[in-house]
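Breakdown of the fold
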Amino acid sequence: MKFKDYYATLGVARDADADALKKSYRKLARQYHPDVSKEKDAEAKFKDVTEAYETLKDPEKRAAYDQLGQRRPGEEFAPPPGWRQYAGAGFGDGRNFDDVDLSDLLNAMGRGRRHGRGPVAMQGRDHEATARIGLEDAHRGTTVHLEVAHEDGMRTLEVTIPAGVADGQKLRLRGKGGKGRNGGTDGDIYLHIAIAPHPVFRADGHDLSFDLALAPWEAALGTELEVPTLDGAVLLTVPPGTRSGRKLRLRGRGLADGRGGHGDLYAVTRIDVPATLTERERELFAELARDSKFDPRA
């Protein structure tokens with residue numbers, strides 16, 4: 001079900017009295033009446049204005065509408081728990097909720113209020129927020145402070161982010177959203193994790209990779225190198241005959257996965273050459289060029 005802001009449709013404040021509602025409705029109805037208006041979508045706007053006025057001019061429907069709280073126009077929302085029973089047998093037509101629009105819901109709730117059933121319990125609104133953290137924070141866990149908009153203004157929340165979260169993951173903070181009404185439960189906050197780019201490592205899920213530059217002789221002869229990880233430097237064996245672009249895996253040296261394990265770390269080799277050569281280096285490379293039978297284009 002999509003929310004409609006009836007007050008905005010009529011261009012009135014939420015505390016507008018009956019006279020203000022009627023005055024605004026008459027003005028807009030004349031402006032958008034399909035028999036006289038030349039404006040685009042005049043008929044649709046006329047229907048929206050009429051629906052808004054028919055709801056707000058009825059005290060019971062308006063009270064039911066106000067129970068829904070302030071939401072964004074077009075925002076999807078679920079009905080309050082037990083709303084069919086609250087509405088009474090007059091709504092017993094067997095329709096699924098997907099077939100019910102906002103005016104149906106307000107009609108049902110309005111009937112419930114007229115029959116003395118009292119206000120229905122309303123669950124609080126869910127909110128969404130984004131936590132931008134570093135790769136090390138995702139690996140080890142961290143605590144962040146979030147500014148979250150609530151009905152009563154901005155609130156600061158201290159949130160513990162566990163080790164092992166991944167970029168794009170969504171955490172649910174139960175009961176930290178909007179306040180429930182009339183005994184309804186509080187809403188939740190859905191926290192989206194965004195991991196900032198790292199100067200060395202690239203993340204793919206819980207696996208990490210980085211570029212490892214090798215000299216030609218290191219790639220040809222093999223070597224042992226000290227390479228970085230998120231938990232400190234380790235020794236990596238580069239086998240003889242390593243080609244550029246090869247992925248050398250360090251098992252279990254990637255990001256924590258939140259289940260007691262870790263992803264893997266991949267060193268992606270890139271063979272580099274000196275930009276300038278000494279006289280001796282030039283002689284050695286020339287000697288290698290004369291004696292080697294290797295043809296990379298063969």
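Scroll up a little and you will see the structure.
Summarised in this report is the structure supplied together with it.

**Notes on unusual backbone geometry**
- Although it is not a glycine, Asp41 sits at a positive phi angle of roughly 60°.
- Tracing the chain through its elements places Asp41 in the loop between α2 (18–32) and α3 (42–56).
- Residue Asp41 is classed as partly exposed on the basis of its relative accessible area, which comes to 49%.

**Brief notes about the pattern of salt bridges**
- The full count for this structure, using the stated rule, is 11 salt bridges.
- Where Lys4 meets Glu51, a salt bridge forms, and the shortest distance between an N and an O atom there is 3.1 Å. With Lys4 in the segment before α1 (6–10) and Glu51 in helix α3, this pair connects stretches of sequence that are 47 residues apart.
- Overall, the relative accessible area of 31% leaves Lys4 in the partly exposed class.
- Judged by relative accessible area, Glu51 falls into the partly exposed class, the value being 21%.
- Residue Asp66 pairs with Arg14 through a salt bridge whose shortest N-O separation is 3.6 Å. Within this pair, whereas Asp66 is found in helix α4 (residues 59–67), its partner Arg14 is found in the loop between α1 and α2, the two being separated by 52 residues in sequence.
- Judged by relative accessible area, which is 30%, Asp66 ranks as partly exposed.
- A relative accessible area of 30% means that Arg14 is categorised as partly exposed.

About the thresholds
- Residues numbered from 1 in each chain as written.
- Predicted model: local features only at pLDDT ≥ 70, side-chain atom pairs only at ≥ 80, totals over all residues.
- Heavy atoms only, no water.
- Helix = DSSP H or I, 4+ residues; strand = E, 2+ residues; numbered from the N terminus.
- Buried < 20%, exposed > 50% of the residue type's maximum accessible area, 1.4 Å probe, protein only.
- Salt bridge = Lys/Arg side-chain N within 4 Å of Asp/Glu carboxyl O.

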